[in-house]
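Spelled out from the first residue to the last, the chains are:
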Amino acid sequence: MTEFGRERPVNTTRLWSGGLATAVVAALVIFAGALVFRGVFDVPVLAPEEAGNLGDASTVAYALMAAVAALLATALMHLLLLSAPKAGTFFGWIVGLATAIAAVAPFSQGDETASQGGTAVINLVTGVVIITLLRSVGRTSTLNRRRPGAPTTAQSMQAAQTPGATVSPIGETPPRPREDQEHVVPAHPEEPALKHEGILPSVSQEEYHRTQVRAQDQDAEEEQARVEQIREERARQDPRTL
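Since we're looking at a predicted model, the values are computed, not measured. (Residues numbered from 1 in each chain as written. Predicted model: local features only at pLDDT ≥ 70, side-chain atom pairs only at ≥ 80, totals over all residues. Heavy atoms only, no water.)

**Some points on the layout of surface pockets**
Part 1: The calculated volume of the largest pocket comes to roughly 410 Å³.
Part 2: Taken together, 18 residues make up the lining of the largest pocket; nearest its centre are M65, A66, A69, A102 and I130.
Part 3: Those elements giving two or more residues to the lining of the largest pocket turn out to be α2 (57-83), α3 (87-104) and α4 (113-140).
Part 4: Top contributing element to the lining of the largest pocket by residue count: α2, with eight residues.
Part 5: Taken together, the residues that form the lining of the largest pocket break down as 14 nonpolar, four polar and no charged. (1 Å grid on protein atoms, 1.4 Å probe; cavity = no way out; pocket = protein on both sides within 12 Å on 5 of 7 lines; lining within 4 Å. Points joined across faces, edges and corners; volume = space filled by probe spheres on them. Helix = DSSP H or I, 4+ residues; strand = E, 2+ residues; numbered from the N terminus. Nonpolar A, V, L, I, M, F, W, Y, C, P; charged D, E, K, R; others polar.)

If you want it as structure tokens, here you go:
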């Protein structure tokens, strides 16, 4: 686990692309610092005093060293993201201490105090730029393996604090809410089919069938009585029909 995510792999292409861009920026910081101190403050830094405002070949070599330092810092960030917990914290301490050493180192040489101070400032600014950029690159170069729809760590903790809540393991899809589930009406064999539609009263199936048969018998008796009545009327009108 890293501070940038939970068991997330590293996007190597994005990380090293950002590292190369950081190396270019670090080299440009060296040239910009040399131009400011030599051209504006007239302080000879990173090259002899007779050199131009941008220095000479030694200034170019110093800029290449800064670029190499940025690439080494990128490799360190890659290693920490793959193996170390709190990768950003460890990276900040390691490169920060290296920057402090680079800022103090010029004062151990026998140059003028102004030149020593200018070189120390350039080294300090270069180190801060490398740390800032690579920490940002490290955050954007990690991939989240959490599936869409799965709860985040914060959501899981919030659900755990809710009384009666069910927390799903990380990586599993949470169950559907109860209102989304289909409503299944249990079957009751004893109840008539028409009871649910409001046509029949609340009676048992056996009583329903007896009532239905009784109604059919009554209809048959009424029909037979009607037929007998029609025959009697015809017989009274025409006795020969008997």
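Right, picking up where we left off after that structure.
**Section: the nonpolar core**
Part 1: I30, V45, L46, A73, F91, I122 and I130 are the most contacted members of the largest nonpolar core, which totals 28 residues.
Part 2: Elements that contribute at least two residues to this core include exactly α1 (12-40), α2, α3 and α4.
Part 3: If we ignore the near neighbours within four places in the chain, the residues touching A73 are F91, V95, I130 and L134. (Core = buried A, V, L, I, M, F, W, Y, C linked by side-chain atoms within 4.5 Å. Buried < 20%, exposed > 50% of the residue type's maximum accessible area, 1.4 Å probe, protein only. Contact = heavy atoms within 4.5 Å.)

**Regarding α3**
Part 1: In this model, α3 (18 residues) spans 26 Å end to end at C-alpha, consistent with the 26 Å of a helix rising 1.5 Å per residue.
Part 2: Of the positions making up α3, those classed as buried are A87, G88, F91, V95, T99 and A103. Down the axis, α3 shows its buried residues gathered within 110 degrees of arc, on one side only. Exposed positions of α3 whose direction lies more than 90 degrees from the buried face are W93, L97, I101 and V104.
Part 3: In this structure, the buried side of α3 is in contact with α2 and α4. (Expected span 1.5 Å × (residues − 1). Arc of directions from axis to C-beta.)

**Brief notes about the pattern of salt bridges**
Part 1: On inspection of all chains with the given rule, the structure shows one salt bridge.
Part 2: When the shortest N-O distance is used, the salt bridge between E223 and R226 registers 2.2 Å. Within this pair, E223 and its partner R226 are both found in helix α6 (residues 205-237), separated by three residues, close to a single helical turn.
Part 3: Of the residues examined, E223 reaches a relative accessible area of 41% and is grouped as partly exposed.
Part 4: Using a relative accessible area of 44% as the deciding quantity, one classes R226 as partly exposed. (Salt bridge = Lys/Arg side-chain N within 4 Å of Asp/Glu carboxyl O.)

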